[in-house]
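Fold and contact review
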Amino acid sequence: MLHTMPDVRGTLTPNRPLADLTWLRVGGPADWLFQPADVEDLAAFLAALPPEVAVFPMGVGSNLIVRDGGVRAVVIRLGRGFNAITIQANGITAGAAALDAHVARKAADAGLDLTFLRTIPGSIGGAVRMNAGCYGQYIADVLVEIQVVTRQGQQMTLPAAALDLQYRQSALPEGAVIVAASFRAPQGNPQDLHDKMTEQLTRRDASQPMKERSAGSTFRNPAGFSSTGRADDSQALKAWKVIEDAGMRGATRGGAQMSEMHSNFMINKGGATAADLEELGEEVRNRVFQHSGLSLEWEIRRVGERLAEKQ
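Nothing here was measured: the structure is a model prediction, and the numbers come from that model.

**Things to note about the overall build of the chain**
A count of helical and extended segments in the chain gives seven helices and 17 strands. At 20 Å, the chain has a C-alpha radius of gyration in line with the 19 Å of a compact globule built from 311 residues. Seen through its principal axes, the chain has C-alpha atoms that stretch 55 × 55 × 30 Å. Sorting the 311 residues of the chain into buried and exposed places 50% on the buried side. Summarising the internal contacts of the chain: among those between residues at least 6 apart in sequence, 65% fall at separations of at least 24. Carbon and sulfur atoms make up 49% of the accessible area of the chain, which totals about 13,900 Å².

The following block contains the structure:
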């Protein structure tokens, strides 16, 4: 990228490798990585950045494959200036960099029930963007509004209704960076809420490969909704079930594997490239389609260029 970058108070790093910033530990460099000091620093940077320069907001990399050729953009990664959590009478406001699990715990301390966030990996910005959910609850059920900085550097507040939140998707303005989100939450007894989260963690750890390098669920459920966790929860159109039925549990390519423990979790067993992971995922999609006629949709975001595409 030949552009002269605006002055910043945060950290602006050229040609920054991204693999160490993702949970799967793969991927090439970003042209630039910008870690703004605060909202004003971010807004001033985006306002001064030439409009033809692409930006990519990145959370904690928990749901991301960065391709091996890297990202031809300014990757924006929010840090400590964006992780404040504030409790209100019947709700909570969290910075986009605040971890979902931390928000759930802080809410429970205040007697507010956002327990479904406890087992969702990643940060609040990413959770809003993908309308994250589990146990039958979604961000859409509790979100009031978000604060964003637009690609043009304007600070705005958007109501939840403006995001058209649906299963694993939202309609954010192109290039906008979420900086905070406000939620309403039902009241609950703090100890009961913490006990509920402990039980959720126990169930998760018994069924998901939490000690492996993964990015959570690889594909969206064909049923169009998350697991409810209830005894009557049908498994018929769950991604893990159609992957297993297609014979792809444990399938490998290079250092990538569909987990033996949970067939919808893709893991880096060691030495995997982004290409290994993405090609394994496409093989899974093909095999599932051949077996059941279902077209799995990626839940993991894949960004950047394949190595052969990099000039």
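**Quick word on the pattern of salt bridges**
Within this structure, the stated rule accounts for 18 salt bridges. One salt bridge in this structure joins Asp-20 and Arg-16, with 2.8 Å as the shortest N-O distance. A salt bridge links Asp-113 to Lys-196; the nearest nitrogen and oxygen atoms lie 3.9 Å apart. With a gap of 83 residues between them, Asp-113 in the loop between α2 (100-109) and α3 (124-129) and Lys-196 in helix α5 (residues 190-207) connect regions that are remote in the sequence. Take Lys-196: its relative accessible area is 35%, and that puts it in the partly exposed class. In the salt-bridge network here, residues are joined through shared partners; they are Arg-67, Glu-278, Arg-302 and Arg-306.

**Let's talk about the sheet that holds strand β5 (residues 71-77)**
Here we have four strands laid out as an open sheet, ordered β1-β2-β5-β3, and mixed in their pairing. Looking at the sheet topology across the chains shown, the edges are occupied by β1 (11-17) and β3 (55-58). With direction set aside, neighbouring strand axes in the sheet form an average angle of 30°. As paired strands, β3 and β5 are joined by four bridges and run parallel to one another. Residue pairing in the sheet places Pro-57 in a bridge with Ile-76 of β5.

**Brief notes about the nonpolar core**
Among the nonpolar cores identified, the biggest contains 54 residues, and Val-74, Leu-114, Val-128, Leu-143 and Phe-183 are the most heavily contacted of them. When neighbours within four sequence positions are excluded, Val-128 is seen to be in contact with Ile-139, Leu-143, Ile-146, Leu-163, Leu-165, Ser-170, Ile-178, Ala-181 and Phe-183.

**So, the pairing of strand β10 (residues 143-149)**
With five of seven residues buried, β10 lies mostly within the body of the structure. Pairing geometry for β10 and strand β12 (residues 177-184), over six bridges, is antiparallel. Along β12, the bridge assignment pairs Gln-147 with Ala-180. Between β10 and strand β11 (residues 155-159), which pair antiparallel one after the other, the connecting turn spans five residues, and Gly-153 there sits at a positive phi close to 90°.

**Here we look at the side chain of Arg-220**
Inspection of the secondary structure assignment puts Arg-220 in the loop between β13 (213-217) and α6 (239-245). Using a relative accessible area of 19% as the deciding quantity, one classes Arg-220 as buried. Engagement of the side chain of Arg-220 in a polar contact is seen with the backbone oxygen of Arg-168, the distance being 3.4 Å.

**Focus: the sheet that holds strand β15 (residues 256-258)**
Across the sheet, four strands lie side by side as β13-β16-β15-β14; this open sheet has antiparallel pairing. Single-partner strands in this sheet number two, and they are β13 and β14 (252-253). Bridging between β15 and strand β16 (residues 265-268) involves three bridges; their strand directions are antiparallel. Counterpart to Gln-257 in the pairing with β16 is Ile-267. Contacts between helix α7 (residues 274-292) and the sheet are confined to β14, β15 and β16, with β15 contributing the most and set at about 30° to the helix.

Rules used throughout
- Residues numbered from 1 in each chain as written.
- Predicted model: local features only at pLDDT ≥ 70, side-chain atom pairs only at ≥ 80, totals over all residues.
- Heavy atoms only, no water.
- Helix = DSSP H or I, 4+ residues; strand = E, 2+ residues; numbered from the N terminus.
- Rg over C-alpha atoms; globule rule 2.2 N^0.38 Å.
- Buried < 20%, exposed > 50% of the residue type's maximum accessible area, 1.4 Å probe, protein only.
- Contact = heavy atoms within 4.5 Å.
- Areas by Shrake-Rupley, 256 points an atom, 1.4 Å probe, with all protein chains shown as cover.
- Salt bridge = Lys/Arg side-chain N within 4 Å of Asp/Glu carboxyl O.
- Pairing = 2+ DSSP bridges.
- Axes fitted to C-alpha atoms, helices over the stretch in contact; angles between N-to-C directions.
- Core = buried A, V, L, I, M, F, W, Y, C linked by side-chain atoms within 4.5 Å.
- Polar contact = N/O pair within 3.5 Å; in protein donor to acceptor, adjacent residues only side chain to side chain.

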